[in-house]
Amino acid sequence: MTLVRLLDLIGIGVFAISGALAAGRKRLDLLGVFVLAAVTAIGGGTLRDLLLDRQPIFWLADPTYLGVIIAAVAITFAYVKWRRPPLASLLVADALGLALFSVAGAQIAEGAGLPAVSVVLLGTMTGVGGGVIRDVLSTEIPFVLRRGNLYASAVMFGIAVYLFLESVGLPRQQASLTGMGVIAALRLAAIRWELKLPVFEVDE
Amino acid sequence: MTLVRLLDLIGIGVFAISGALAAGRKRLDLLGVFVLAAVTAIGGGTLRDLLLDRQPIFWLADPTYLGVIIAAVAITFAYVKWRRPPLASLLVADALGLALFSVAGAQIAEGAGLPAVSVVLLGTMTGVGGGVIRDVLSTEIPFVLRRGNLYASAVMFGIAVYLFLESVGLPRQQASLTGMGVIAALRLAAIRWELKLPVFEVDE
Amino acid sequence: MTLVRLLDLIGIGVFAISGALAAGRKRLDLLGVFVLAAVTAIGGGTLRDLLLDRQPIFWLADPTYLGVIIAAVAITFAYVKWRRPPLASLLVADALGLALFSVAGAQIAEGAGLPAVSVVLLGTMTGVGGGVIRDVLSTEIPFVLRRGNLYASAVMFGIAVYLFLESVGLPRQQASLTGMGVIAALRLAAIRWELKLPVFEVDE
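Residues numbered from 1 in each chain as written. Chains lettered and ligands numbered in written order. Predicted model: local features only at pLDDT ≥ 70, side-chain atom pairs only at ≥ 80, totals over all residues.

Novice: Teacher, can you tell me more about the overall build of chain A here?
Specialist: Within chain A one finds seven helices and zero strands. Tracing chain A from N to C terminus, the helices and strands come up as α-α-α-α-α-α-α. Compactness check: chain A gives a C-alpha radius of gyration of 17 Å against a globular reference of 17 Å for 204 residues, within 12% of the reference. Across its three principal axes, chain A shows a C-alpha extent of roughly 50 × 50 × 30 Å. Taking all 204 residues of chain A together, 55% fall into the buried category. (Helix = DSSP H or I, 4+ residues; strand = E, 2+ residues; numbered from the N terminus. Rg over C-alpha atoms; globule rule 2.2 N^0.38 Å. Buried ≥ 20, exposed ≤ 12 C-beta atoms within 10 Å, placed from the backbone.)

Novice: What is the right way to read the packing of helix 2 (residues 30-52) of chain B against helix 4 (residues 87-111) of chain B from this model?
Specialist: Packed helices, taken two at a time, are described by the angle between their axes plus the distance between the axes. Residues and elements named next belong to chain B. Here helix 2 crosses helix 4 at 5°, and the two axes come no closer than 11 Å. Classified by the interaxial angle, the pair formed by helix 2 and helix 4 is roughly parallel. Contacts between helix 2 and helix 4 involve G44, R48 and L52 from the first element and F101, G105, I108 and A109 from the second. Split into classes, the residues belonging to the contact of helix 2 with helix 4 amount to four nonpolar, two polar and one charged. (Axes fitted to C-alpha atoms, helices over the stretch in contact; angles between N-to-C directions. Parallel < 35°, antiparallel > 145°, perpendicular 65-115°, else oblique. Contact = placed C-beta atoms within 7 Å. Nonpolar A, V, L, I, M, F, W, Y, C, P; charged D, E, K, R; others polar.)

Novice: Is there a simple way to explain the relation of the copies chain C and chain B in this structure?
Specialist: The transform that puts chain C on chain B rotates by 120° and translates by 0.0 Å along the axis, for an RMSD of 0.0 Å. On the angle and the small slide along the axis, the relation comes out as a three-fold axis. The position closest to the rotation axis in chain C is occupied by the C-alpha of C:T139, lying 3.5 Å away. Each copy contacts the other with its own distinct surface, as only 11% of the interface residues of chain C are interface residues in chain B too. (Least-squares fit on C-alpha atoms with pLDDT ≥ 70 in both.)

Novice: Looking at this structure, how should I read the interface of chain B and chain A?
Specialist: Interfaces are frequently sized by the accessible area removed from exposure as the parts join. With 27 residues of chain B at the contact, the number on the chain A side is 27 residues. Contributing elements (two or more residues each) for the side of chain B that touches chain A: helix 2, helix 5 (116-137) and helix 6 (152-167) of chain B. A total of four residues in the side of chain B that touches chain A trace back to one element, the largest contributor, which is helix 5 of chain B. For the side of chain B that touches chain A, the residue count by class is 16 nonpolar, four polar and seven charged.

Novice: Help me understand the confidence of the model for chain A, please; the structure alone is not making it clear to me.
Specialist: Predicted coordinates in areas of low pLDDT are best not read in detail. Within chain A, residue pLDDT values average 88, and 94% of them lie at 70 or more. Looking across chain A, the model is least confident in helix 1 (residues 3-24) of chain A, with a mean pLDDT of 86, and most confident in helix 6 (residues 152-167) of chain A, with 95. (pLDDT = per-residue confidence, 0-100.)

Novice: Would you explain the interface of chain C and chain B in this entry?
Specialist: Tallying the contact residues gives 27 residues for chain C and 26 residues for chain B. The set of elements that each furnish at least two residues to the side of chain C that touches chain B consists of helix 2 (30-52), helix 5 (116-137) and helix 6 (152-167) of chain C. In terms of residue class, the side of chain C that touches chain B is made up of 16 nonpolar, four polar and seven charged.

Novice: Even after reading the chapter, I still don't get the environment of B:F157, so can you show me in this structure?
Specialist: Residue and element names in this part refer to chain B. Among the secondary structure elements, F157 is positioned in helix 6. It is 7.9 Å that separates the C-alpha atoms of F157 and V182, two residues lying 25 residues apart in sequence. With residues near it in sequence (within four places) discarded, F157 still touches V182 and L186.

Novice: Looking at this structure, I do not really get the relation of the copies chain B and chain A. What am I missing?
Specialist: Copies of the same chain, two in number, are related to each other by a rotation about an axis and a translation along it. The transform that puts chain B on chain A rotates by 120° and translates by 0.0 Å along the axis, for an RMSD of 0.0 Å. An overlap of only 11% is found between the interface residues of chain B and their copies at the interface of chain A, pointing to separate contact surfaces.

Novice: Is there a simple way to think about helix 4 (residues 87-111) of chain C in this case?
Specialist: Every α-helix carries 3.6 residues per turn, so stepping three or four residues along brings you back to the same face. With 25 residues, helix 4 of chain C should reach 36 Å at 1.5 Å per residue; the first-to-last C-alpha distance of 36 Å fits that figure. Just downstream of helix 4 of chain C lies C:G113, where phi reads positive at about 75°. (Expected span 1.5 Å × (residues − 1).)

Novice: Got a minute to help me understand the nonpolar core in this structure?
Specialist: In summary, soluble globular proteins display a tendency toward joint burial of nonpolar side chains. Counting residues in hydrophobic clusters, the biggest one holds 214 residues, and the most contacted among them are A:A37, B:A37 and C:A37. Excluding anything up to four places from it in sequence, B:A37 contacts B:A16, B:G19, B:A20, B:A23, B:I69, B:A72 and B:V73. (Core = buried A, V, L, I, M, F, W, Y, C linked by C-beta atoms within 7 Å.)

Novice: Hey, could you run me through helix 7 (residues 172-193) of chain B in this one?
Specialist: Residue and element names in this part refer to chain B. Between its first and last C-alpha atoms helix 7 spans 31 Å; for 22 residues at 1.5 Å apiece the expected length is 32 Å, and the two agree. Considering only its buried residues, helix 7 is in contact with helix 4 and helix 6. Positive backbone phi, at 50°, marks E194, one or two positions downstream of helix 7.

Structural data, given as structure tokens:
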């Protein structure tokens, strides 16, 4: 198994755990928890594959992804029976998964020959799309839209950094690692110091 | 018209009626009712066709489906003017439609050469997807996610039974009829005895 | 730039502004406003392209669309800093954008050789789909479903008029302009005289 593949599966697992924990606050049953965990983990990549017409959708032909999600949900169930969930560690893991998925999604969009603004948007969708669908299914205003969360904006900025570095001639691997580092660092800083974006309001 | 085709259209009609009745509780206008009825009836199959890249989407090229939905909505309108909706009979019809659509969706996923876990998930999406989209549009937490409804889990179990029987050599038709029977029986039993799945909760 | 292209981009801009203003009532941050504006502007056409398997999705390969959306959001931000949004003019612009997108969407569906009922539905989705996704993300029951709004029904009627005129031999351009006129006129009349559709209700 390559390092990229391993990171990919870890990202899926982390996103599934965060989805399962979010579901746990909703008092759903076992299956509802699995569905929200799966949607969080694979929703963004599914949206990317649909929009780019990539076939087959990444998780359909490879049972490993759903296997990892099922395992992640089972571990979460067992763990929270005995202990409080380690929310701080999960936020860190989520920041890493987000960085990885977003830049990987951007690279796939780049490979399809899309203009930079579409690459940024598709990469961002890949990273945050699963959480958006999870929140919609839970009838919550998506986390990424709620005021002041430096989340999708951190992703967009990191992908832009990646594209910029690549365009000035940096090798792809270094550019993408830097982009991922920017995303993860911004997310961790946002959690640590509660960084926020300005709010937009209309008086009527 | 073959039997499968007839059952397919009956399933569409039943799902459309259940969607129209759900919409009736929301005080929407005529068009809103039609939209929710259509989404309930064709949403799951549309999701399946999008994910599998089947073209054309099943209802797009064949006007019969939308015709059946329009007729079902009209009948529902006329009926509830004069009488209370026969909810008990509809739950039974819904159980049969669910069994039919789910196993048919699973067979299509099988035909695309997908691994078993994806077949189960795509079959389940085909059966319950329309109701999920309907609930999202009505800003309700989807019925299939709400605690304790033995609905999607009944579908998953039935598809698993179908795949198992087929893998041990049972002819496809018998295996699929058994799978459908399991789904319908579980749903009817769940309604009759209020069977529930355990709830998962996280303390924080 | 052709007239059709210009109208198309104006429609995108108007829809983006209406999405940004709707977001302004939700107290989202800058990025949330951009996302809702973008979803309102390109959601319907994206749904149409996905269902028809048109590749690439119209906005992915052409950065102009996202550029127009970004500009429209920036203008909205700057404008509402100083003045109240001109809601009356925006409703008129929205009616024109809706007329244009719906009939254009119907023509694309026609070009794919679909039956009339699917053409009407796909054209309607193209026109109203973006607003539906925006409302779902804002956890509101979609505007087009809420009781008594003559919105999607005006679209359906206008597309039907277009198809009818074309079927009796009117040249395509005249038929489509008439269809658009019907949609815009119905919308403006509905706003002016508060026309409504009857409500459907179920007693249980």
